[in-house]
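Structure assessment
Here's the letter readout for the chains.
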Amino acid sequence: MELVEVPVGRHGGTVIVPHVSQRLFRTLQNLDLTDRAVVNTVLAVTARLAESYAQSPDADPGRLSHLRRCLANDGYFLDQSGDPRAVIRELAALATARLTDASALRVELARLERGLDEDPGRDIGTAKRLVESTAKIVLTRCGEKYDKNASVPWLVDRAMDQLDLTAAGKPKAQSELLEHLTGLAKKVNTMRNQAGDGHGQATAVSGIDSRDSRLVVRAAIAWCAYLLDTLSDMPERRQNT
């Protein structure tokens with residue numbers, strides 16, 4: 001989003017140079033805030049401006065608190081634990097750190113961050129592709145062959161096996177957590193089959209909104225991040241495949 005130009009004004013012999021806040025206000029006035037994509041951009045920019053403002057020495061705590069509440073009401077959070085976009089960026093950073101070529105994941109993550117909430121079906125479809133790509137990356141790094149048409153549940157199970165993340169032999173609490181994590185990754189695929197993009201539907205999908213798609217995205221990221229984190233524990237001989 002680029003700020004519109006506001007002409008320099010004159011009052012008598014005084015030259016009045018527009019302040020950045022005036023340009024920002026004029027820019028917002030000219031935007032179509034009935035367009036969801038435009039609203040997403042405005043909120044994302046506002047969140048980043050708020051982050052910068054919070055770090056300034058003269059930040060007003062009351063004003064900042066009010067701004068946090070307003071952003072949170074629209075689904076934007078300044079704390080990383082609540083901000084889905086921050087979690088998306090965190091996974092992108094992790095993929096870059098763990099993988100020689102993270103391009104496949106970064107393309108999907110960039111698509112998610114850019115259009116989050118505009119189309120819940122598309123977000124769910126992208127979440128499924130994140131799970132599928134991560135599983136294939138793990139299998140490739142482990143030298144495991146797979147059919148290009150392999151199902152997502154099969155890929156999830158094989159990736160977990162290759163990283164020794166199956167529940168067998170683990171303490172009970174860890175075993176149950178891994179089982180639930182595996183189930184989450186598979187449910188992402190189920191959600192995509194039922195409500196995501198990529199399939200022609202006989203009737204329009206109903207009852208799915210941005211809250212649901214964000215939940216699916218977070219579930220996919222939880223599984224992908226855990227597997228990418230585990231890649232650093234792989235024996236060196238397996239990483240050189």
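Note that the coordinates shown come from a computational prediction; the quantities given were computed from them, not determined experimentally. (Residues numbered from 1 in each chain as written. Predicted model: local features only at pLDDT ≥ 70, side-chain atom pairs only at ≥ 80, totals over all residues. Heavy atoms only, no water.)

Secondary structure assignment for the protein yields 10 helices and two strands. Each of the 241 residues in the protein was classed as buried or not, and the buried ones make up 37%. Excluding contacts between residues fewer than 6 apart, the proportion of contacts in the protein whose partners are at least 24 apart in sequence is 58%. About 14,000 Å² of surface is accessible on the protein, with carbon and sulfur atoms providing 52% of the total. (Helix = DSSP H or I, 4+ residues; strand = E, 2+ residues; numbered from the N terminus. Buried < 20%, exposed > 50% of the residue type's maximum accessible area, 1.4 Å probe, protein only. Contact = heavy atoms within 4.5 Å. Areas by Shrake-Rupley, 256 points an atom, 1.4 Å probe, with all protein chains shown as cover.)

This part covers the confidence of the model for the protein. With 80% of its residues at a pLDDT of 70 or more, the protein shows a mean pLDDT of 81. By mean pLDDT, helix α10 (residues 236-239) is the weakest element of the protein at 42, and helix α7 (residues 152-162) is the strongest at 95. Every residue in residues 236-241 is under pLDDT 50, and counting partners more than four places away or in other chains gives 11 contacts. (pLDDT = per-residue confidence, 0-100.)

Empty space among the atoms becomes apparent when a probe as large as a water molecule is rolled across them. Of the voids in this model, the largest pocket is the one considered here, and its volume is about 280 Å³. Looking at the largest pocket, the residues that line it are Leu24, Thr46, Leu49, Ala50, Ser52, Tyr53, Arg63, His66 and Leu67. When residues of the lining of the largest pocket are traced back to their parent elements, those giving at least two are α2 (36-54) and α3 (61-73). Considering each element in turn, the lining of the largest pocket owes the most residues, five residues, to α2. Here the residues of the lining of the largest pocket are counted per class, giving five nonpolar, three polar and one charged. (1 Å grid on protein atoms, 1.4 Å probe; cavity = no way out; pocket = protein on both sides within 12 Å on 5 of 7 lines; lining within 4 Å. Points joined across faces, edges and corners; volume = space filled by probe spheres on them. Nonpolar A, V, L, I, M, F, W, Y, C, P; charged D, E, K, R; others polar.)

This model, assessed by the stated rule, comprises 13 salt bridges. Of the charged contacts, one joins Lys186 and Asp157 as a salt bridge, the two residues approaching to 2.9 Å between their closest N and O atoms. Separated by 29 residues along the polypeptide, Lys186 in helix α8 (residues 172-195) and Asp157 in helix α7 bring together distant segments of the chain. Taken together, the shared-partner salt bridges in this structure form one network comprising Glu108, Arg111 and Arg129. (Salt bridge = Lys/Arg side-chain N within 4 Å of Asp/Glu carboxyl O.)

Running from amino to carboxyl end, α7 crosses α8 at an angle of 150°, the nearest separation of the two axes being 9 Å. If you check the angle between α7 and α8, you find them roughly antiparallel. For the pair α7 and α8, the crossing hand works out as right-handed. Residues Val152, Pro153, Val156, Asp157 and Met160 of α7 pack against Leu178, Thr182, Ala185, Lys186 and Asn189 of α8. Of the residues contributing to the contact of α7 with α8, the split by class is six nonpolar, two polar and two charged. (Axes fitted to C-alpha atoms, helices over the stretch in contact; angles between N-to-C directions. Parallel < 35°, antiparallel > 145°, perpendicular 65-115°, else oblique. Left-handed = near helix turned anticlockwise from the far one by under 90°.)

Attention now moves to the nonpolar core. Residues Leu99, Val131, Trp223, Leu227 and Leu228 are the most contacted members of the largest nonpolar core, which totals 44 residues. Breaking this core down by element, the ones donating at least two residues are α4 (84-98), α5 (103-115), α6 (120-141), α7, α8 and α9 (210-231). The biggest single contributor to this core is α9, with 10 residues. The residues touching Leu228, leaving out its near neighbours within four places in the chain, are Leu91, Leu94, Ala95, Arg98, Leu99, Leu105 and Thr134. (Core = buried A, V, L, I, M, F, W, Y, C linked by side-chain atoms within 4.5 Å.)

Time to look at the environment of Arg122. Its place among the elements puts Arg122 in helix α6. Take Arg122: its relative accessible area is 26%, and that puts it in the partly exposed class. Spatially, the C-alpha atoms of Arg122 and Gly196 are 5.9 Å apart, while their sequence positions differ by 74 residues. The contact partners of Arg122, leaving out residues within four places of it in the chain, are Gly115 and Asp197.

This part takes up the packing of α4 against α9. It is at 10 Å that the axes of α4 and α9 come closest, and there the two elements cross at 25°. Compared by their axis directions, α4 and α9 come out roughly parallel. Two packed elements cross with a definite hand, and for α4 against α9 that hand is left-handed. In this structure, α4 uses Pro84, Val87, Ile88, Leu91, Leu94, Ala95 and Arg98 to contact α9, whose residues at the interface are Arg214, Arg218, Ile221, Cys224, Ala225, Leu228 and Asp229. The residue makeup of the contact of α4 with α9, split by class, is 10 nonpolar, no polar and four charged.

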